[in-house]
Each structure stands twice: as C-alpha cells, then as structure tokens.
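What follows is each chain in one-letter form.
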Amino acid sequence: MPHLFAPLTLRSVTLRNRIGVSPMCMYSSTDGVANDWHLVHLGARAAGGAGLVIAEATAVSPEGRITPGCAGLWSDAQVEPLTRITRFIRAQGAVPGIQLAHAGRKGSASRPWDGGGHLAEDEGGWTPVAPSPVAFGGALSSVPHELTLAEIGRVQADFVAAARRALAAGYEWLELHAAHGYLAHQFLSPLSNQRTDEFGGSFENRIRFIVGTTRAVRAVWPENLPLTIRLSCTDWTDGGWTIDESVELARLLKAEGLDLVDCSSGGGVEKAVIPVGAGYQVPFASRIRREAGIETAAVGMITSPAQADEIVRNGHADLVLMAREFLRDPNWPLHAAKELGVKPLPAPPLQYARAF
Ligand code: 531
C-alpha cells in the first residue's frame, strides 16, 4: 500500500502526494467573483506542499449560492480571476481543483459570522429552490420553491456550463458537491425529497438527479481529467440516506466515469446526532473503496501526520483531505514530511527553503 507522500495518478493527473486541501467556503466573493483573498488562501496552501488544492463550493447559478458572498461560475466574467489562481497553484507544484455546487434549500443564508440564517429578499436574499417545498429548519426556515422538471433540467445544464468554465479557468480536478444537505444531497435523502415524480420515492428515482448530472458533466469534462464527487455517506438519521445506498451509488457513478468519492457525512437535517471524533468518517471511505471498487478520499477530523499516513497505508482511502487543519497550518505537508521522516524531504519553495 502507498504512503501519504507517494504520488497519486487519476487519469492523466498526478498529485505529488496524497494530501489535499478540502474545499472551504470563504464567503468573500462579490457577485461570485474570486479576488485577492482567494489567491492568497489557496496559493499559500499550494506553496505549503499540498498535492491538491480544491476551491470552495462554487455555485452554478446565483440562487445556488449558500450566501451572497459565495463563489460562482455561472458567468464568463468569473473565469479570469480563477485563471490567475489556478496558474499560481500549478506553479507551486499542486493540482488545482474546484467543487461545483448548488445549495438548494440551504441557499440565501447570511454568512456564518453574521448568524448563518436565511436572508429575506430585502436583505440580499432570494427564494431558495429544492426537490420539495420543505424547509431545512432552525435559522434556515424559508420554505423553498419546488423545482419543476424543466427547472431540474436547467440546474443540470448549469452544472455543465460551470464545468466548461472550470476547464477554461485551468482546473484539472472537478468535484461535484452532493453532500452536506445541499441540492444534490436533498434529492438523495428521503428526509428532504418527497417528490412523487421520477425524481423522488425509490432509490433509483432519488439518485436520478446526480446520476444525470454526473453523466452530463462527464460528457464535457475531458477524458484525461478526474471527475469526483463529495457524498454525505449517511444522514445519521433514521429514515435518511444510508451508507449502503452510498456504496450502491458509488458503483453506479463509477460506471458513469466517476473517478473518486470524497466521503463526508451529515448536514442534511438539523437534528442528527453525529459521533464526531478523530477520523470518524474514515470507515465510509474504507467501505466505499472496498465494496464499490472506486478510489476514495477521507475527510473530517484528520489532523496528525501519523493519522493521515495510516489512512493511506492501510488502504482506507487513496487521498486525505483536510480543512481546518490547513487553516491552522498552511505548511502542514512540509511539517508532516519532517515528522514522518520522509526521504527525500519534499522541497519547500526556494524562497522559504531556509526555514525548513
Ligand atoms: C461544514 C459541514 C460539514 C458537514 C456537514 C454539514 C456542514 N461546512 C460545509 C460547507 C459549508 C460550510 C460548513 C459546504 O459543504 C459547502
């Protein structure tokens, strides 16, 4: 089994190690356009030695944003500032990735540091959309508009158009966000999907949105570049989406040309009881990898080099993604290599060499 600092090749993209920066919302865009903050945030972590740097949940349409500050790729004007970022990430030896997303009923919220609740239209918000007119609950109390069949097709077309723009911006790794209670997850879970048409009810119907979206995106995303998905592998709630369903979905998506499943969990309902602890989601990555025969990424409460290395060495996942740990230490990979005694040590940027 490879170790944390062994390269990973998917299609014709090779990561220099198995360490990725998880997509993290920055809530710092205006009209969905990336700026200096995003360049520094993502660029610093590429310079810090990550193999993969994934840009935050990037909305495929304005109403698909979580907050008015979220990133977007619904317009050609959003491409150029991202091109600057992908160029810098690549120059540091990392692979630039992006997560495409639609927030569904969790959209139209204020930024977390402003409370995170739903915004009214006169506060800069909009009417969120969803598979069914069921509010998330708590501070996300707006009842969403139930998508019509034509509107579902439109959202899927938005994913395709955004994927084309991501390619134009220089991204080499595309992740579809189907986790954390956002639109694709809302279709998957019976707790949020109460439709009686071909997009709701049976497993086959609930997965129809993401299977169709994956197929349509794969058709425009180049053959030589990896296409991946983030799943909430379980709702941690009776009557919700399950790990067994995730395994089955992973098998089906592999047949559609999907290359990797990024295994997260939760976020679909307000009151789930989640056993959060070190590496608590790793068993999902391990099971999907083993039973669906697809590459996986482990994410969630992964902080120490030994822990990350163990996940890869024991074949639980092919890649480890970290979020908060990368906020604490942008140079985590360089520090981890030293701690693990990796030989030869990965080279820091020449400008920083004297510090490592
Ligand atoms: C945290 C989160 C993790 C797991 C379940 C629910 C929420 N994140 C998720 C982010 C937005 C900010 C909070 C996204 O997935 C876009």
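Asker: Explanation requested: the overall build of the protein chain in the structure shown.
Answerer: A tally of helices and strands in the protein chain yields 11 helices and 13 strands. Against the compact-globule benchmark of 21 Å for 356 residues, the protein chain has a radius of gyration of 19 Å, which places it among compact chains. By the burial criterion, 59% of the 356 residues in the protein chain qualify as buried. Look at the contacts in the protein chain between residues 6 or more apart in sequence, and 70% of them connect residues 24 or more apart. Of the roughly 13,800 Å² of accessible surface on the protein chain, 54% is carried by carbon and sulfur atoms. Distance between charge centroids for the protein chain: 7 Å, based on 32 positive and 36 negative side chains.

Asker: Would you take a moment to explain the packing of helix α1 (residues 36-47) against helix α2 (residues 79-91) for this structure?
Answerer: When two helices pack together, their arrangement is captured by the angle between the axes and the distance separating the axes. It is at 9 Å that the axes of α1 and α2 come closest, and there the two elements cross at 15°. By the angle between their directions, the pair α1 and α2 is classed as roughly parallel. As for how α1 packs across α2, the hand of that crossing is right-handed. Facing α1, whose interface residues are Asp36, His38, Leu39, Leu42, Gly43 and Ala46, α2 presents Arg84, Ile85, Phe88 and Ile89. Partitioning the contact of α1 with α2 into residue classes produces 6 nonpolar, 2 polar and 2 charged.

Asker: Help me understand the pattern of salt bridges, please; the structure alone is not making it clear to me.
Answerer: For side chains of opposite charge, pairing can occur when their charged atoms come near one another. Across all of its chains, the model carries 19 salt bridges by this definition. Across the pair Glu175 and Arg230 runs a salt bridge whose closest N-O atoms are separated by 3.8 Å. Of this pair, Glu175 sits in strand β9 (residues 173-178) while Arg230 sits in strand β10 (residues 227-232), placing them 55 residues apart in sequence. Of the two residues, Glu175 and Arg230, both sit in the buried class. Notably, a salt bridge pairs Arg218 with Asp259, separated by 3.1 Å at the nearest N-O pair. Separated by 41 residues along the polypeptide, Arg218 in helix α6 (residues 208-220) and Asp259 in the loop between α7 (243-255) and β11 (260-264) bring together distant segments of the chain. Like Arg218, the residue Asp259 is buried in the burial classification. What you see here is one network of salt bridges that share partners, running through Arg11, Arg218, Glu223 and Asp259.

Asker: Before we go on, may I ask you to explain the state of the cysteines in this structure?
Answerer: Note on terminology: disulfide describes a covalent bond linking the sulfur atoms of two cysteines. In the structure shown here, the tally under the stated rule is 0 disulfides. Free cysteine: Cys70, not disulfide-bonded; nearest cysteine sulfur from Cys25 at 5.1 Å. A relative accessible area of 2% means that Cys70 is categorised as buried. Between Cys263, a free cysteine, and Cys233, which holds the nearest cysteine sulfur, the sulfur-to-sulfur gap is 4.1 Å.

Asker: In this structure, what is going on with the site of the ligand? I would like to understand it.
Answerer: In the vicinity of the ligand, the residues found are Cys25, Tyr27, Ala57, Ile66, His177, His180, Tyr182, Ser265, Gly266 and Gly267. At 2.8 Å, a side-chain N or O of His177 approaches an oxygen atom of the ligand. Between His180 and the ligand, the recorded distance is 2.6 Å, taken from a side-chain N or O atom to an oxygen atom. Protein chains shield 62% of the accessible area of the ligand, which is 400 Å² for the free molecule. Residues of the shell around the ligand, tallied by class, amount to 5 nonpolar, 5 polar and no charged.

Asker: Which parts of the structure should I look at to understand a nonpolar patch on the surface?
Answerer: A cluster of nonpolar side chains, Ile274, Val276 and Met301, forms an exposed patch at the surface whose accessible area comes to about 220 Å². Positionally, Ile274 belongs in the loop between β11 and α8 (282-292).

Asker: I'm lost on α1 in this one. Help?
Answerer: Because an α-helix completes one turn every 3.6 residues, residues spaced three or four positions apart along the sequence face the same direction. Taking 1.5 Å per residue as the helical rise, α1 with its 12 residues ought to reach 16 Å, and the 16 Å between its terminal C-alpha atoms agrees with that figure. Listed in full, the buried residues belonging to α1 are His38, Leu39, His41, Leu42, Gly43, Arg45, Ala46 and Ala47. Buried residues belonging to α1 abut β3 (19-21), β4 (52-59), α2, α10 (324-328) and α11 (332-340). The N-capping residue of α1, defined by a side-chain oxygen 2.9 Å from the backbone nitrogen of Trp37, is Asn35. Positive phi shows up at Gly49, right after α1, with a value of about 105°.

Scoring rules and cut-offs
- Residues numbered from 1 in each chain as written.
- Predicted model: local features only at pLDDT ≥ 70, side-chain atom pairs only at ≥ 80, totals over all residues.
- Heavy atoms only, no water.
- Helix = DSSP H or I, 4+ residues; strand = E, 2+ residues; numbered from the N terminus.
- Rg over C-alpha atoms; globule rule 2.2 N^0.38 Å.
- Buried < 20%, exposed > 50% of the residue type's maximum accessible area, 1.4 Å probe, protein only.
- Contact = heavy atoms within 4.5 Å.
- Areas by Shrake-Rupley, 256 points an atom, 1.4 Å probe, with all protein chains shown as cover.
- Lys, Arg positive; Asp, Glu negative; His and termini not counted.
- Charge placed at Lys NZ, Arg CZ, Asp CG, Glu CD.
- Axes fitted to C-alpha atoms, helices over the stretch in contact; angles between N-to-C directions.
- Parallel < 35°, antiparallel > 145°, perpendicular 65-115°, else oblique.
- Left-handed = near helix turned anticlockwise from the far one by under 90°.
- Nonpolar A, V, L, I, M, F, W, Y, C, P; charged D, E, K, R; others polar.
- Salt bridge = Lys/Arg side-chain N within 4 Å of Asp/Glu carboxyl O.
- Disulfide = S-S within 2.5 Å.
- Near = heavy atom within 4 Å.
- Polar contact = N/O pair within 3.5 Å; in protein donor to acceptor, adjacent residues only side chain to side chain.
- Patch = residues over 30% accessible without salt bridge, like charges linked within 9 Å, V, L, I, M, F, W, Y side chains within 5 Å.
- Expected span 1.5 Å × (residues − 1).

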